[in-house]
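Take a look at the letters that make up each chain.
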Amino acid sequence: MKTEMAYYRNGYQKSIEAKVIDCIKSKKGYDIQLEDTCFYPEGGGQPADKGILDGQEVCNVQEKDGIIYHTVKNSIAIGTIIKGEIDWEYRFDFMQNHTAEHIVSGLAYRKYGAHNVGFHMGKEFITLDFDKKLSQEEVTTLELCTNEAIIQNKAINIYYPTKEELQKLDYRSKKSLEGMIRIVEVPEYDICACCGIHTKTTGEIGCVKILSTDHYKGGIRLYMIAGKRAFYDYDEKSKNADSISHLLSVPVKDIVKAVEKLKKEKDTLQWQINLLEKEKLEQIASNIKENKTIVLFENVSNTKALQHFASMLCQKAEVVAVFSGDETGYRYILMSQKKDMQALKQQLSEKFACNGGGSKEMVQGKIQVKKEDIMDFFKEI
């Protein structure tokens, strides 16, 4: 017996009382089949509903061959009339974002001939994959036109056309479909075969923001948010902008210029620091006497500077080992023009837990051990 789908009759139904038709033991608990349900199962790019069924948390909702299974921890007696209630805020969030996706994808197809070839609704953002590259200007136009569609508050039409009607319909679909086809239409913007749950009107979406883009298999991937997600994103970024404005003592509209100025000043200071450090290391190296093995501990700002230090010392020793940091962790360089440093690193690894890699002439890595133990190691070898 297939499950009646109240979520298709009324996507805004939040609770239901229904009879338990079956209760099957599964890996995660028990899969409950009801004669009717308002819980939407995972599908159509939309995650499964969350909620409570007979006082238990619903862990998952899946559909198989027309039967909806609600996974709960404990069994429920067959024939029992029970109450279920979905997490409405969670559901409506996905309804807003799913409907927004339709408009963006419909516009991308109508304006630029780009087909939606992938769609994922995550907790933080929605991703839309298209088979064609879009310029930044085109992406901005998609966002602007989508928000214009929201302002128009158009009614979303959902219907099941006949085979004859379907043949005349220019609709989007990612795969070949058979049987009754459920069409979701946003007038003037999109006509798509879809089994998801949507808002009644475009106005209920609230607003849409395309956050960023990536290259995707010769096309483009859009990262998008809608509804409350878009509001919370704007609120967070607005607060961050105000905080930066306060810290830099400039109006919000000038924070980019102020940050650019700070970055230039930082880069100049860093260049000066690097120059002073280079001169310091050259002075230390010049004062070191020639020896078979040189082991030094010196705090150095970065690995490149440490390599330069080691190369200078290599002129005075067969083997050079330089360490930068403290006992919570050292960066190290092993360098030689005559000895195999990979073999030396192997000895070091056998004695202490450390990582690293490189060539016969130079190995670099990290080690966490006392300075005295490192010195003793080199004395022994």
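Everything that follows concerns the structure shown earlier in this document.
Residues numbered from 1 in each chain as written. Predicted model: local features only at pLDDT ≥ 70, side-chain atom pairs only at ≥ 80, totals over all residues. Heavy atoms only, no water.

A. Inspection of the overall build of the protein chain at higher detail. Across its full length, the protein chain holds 9 helices and 21 strands. Relative to its length of 381 residues, the protein chain is extended, with a C-alpha radius of gyration of 32 Å against a globular reference of 21 Å. For the C-alpha atoms alone, the extent of the protein chain along its principal axes is close to 90 × 55 × 45 Å. Split into buried and exposed, the 381 residues of the protein chain put 43% on the buried side. Contacts in the protein chain between residues far apart in sequence, at least 24 positions, make up 60% of those at least 6 positions apart. When the accessible area of the protein chain is evaluated, it comes to approximately 21,700 Å², of which 50% is carbon and sulfur surface. If you average the places of the 54 positive and of the 56 negative side-chain charges in the protein chain, the two averages end up 4 Å apart. (Helix = DSSP H or I, 4+ residues; strand = E, 2+ residues; numbered from the N terminus. Rg over C-alpha atoms; globule rule 2.2 N^0.38 Å. Buried < 20%, exposed > 50% of the residue type's maximum accessible area, 1.4 Å probe, protein only. Contact = heavy atoms within 4.5 Å. Areas by Shrake-Rupley, 256 points an atom, 1.4 Å probe, with all protein chains shown as cover. Lys, Arg positive; Asp, Glu negative; His and termini not counted. Charge placed at Lys NZ, Arg CZ, Asp CG, Glu CD.)

B. Up close: the sheet that holds strand S20 (residues 354-358). Strand order across the open sheet formed by 5 strands is S17-S18-S19-S21-S20, with mixed pairing between neighbours. Edge positions in the sheet fall to strand S17 (291-297) and S20, since each of these pairs with one other strand and no more. The mean angle between the axes of side-by-side strands here comes to 15°, regardless of whether they run parallel or antiparallel. Bridging between S17 and strand S18 (residues 317-326) involves 6 bridges; their strand directions are parallel. Residue Asn291 lies in a different strand from S18, and its bridge partner there is Ala317. Relative to strand S19 (residues 329-335), helix H7 (residues 303-313) is tilted by about 40°, and along the sheet it contacts S17, S18, S19 and strand S21 (362-367). (Pairing = 2+ DSSP bridges. Axes fitted to C-alpha atoms, helices over the stretch in contact; angles between N-to-C directions.)

C. Representation of the packing of helix H2 (residues 88-112) against helix H3 (residues 136-151). For the pair H2 and H3, the least separation of the axes is 9 Å and the interaxial angle reads 125°. On the basis of their axis angle, the class for H2 and H3 is oblique. In the packing of H2 onto H3, the handedness of the crossing is right-handed. For the pair H2 and H3, the contacting residues are Ala100, Ile103, Val104, Leu107, Ala108, Lys111 and Tyr112 in the first and Glu138, Thr141, Leu142, Cys145, Thr146 and Ala149 in the second. In the contact of H2 with H3, the residues fall into 9 nonpolar, 2 polar and 2 charged. (Parallel < 35°, antiparallel > 145°, perpendicular 65-115°, else oblique. Left-handed = near helix turned anticlockwise from the far one by under 90°. Nonpolar A, V, L, I, M, F, W, Y, C, P; charged D, E, K, R; others polar.)

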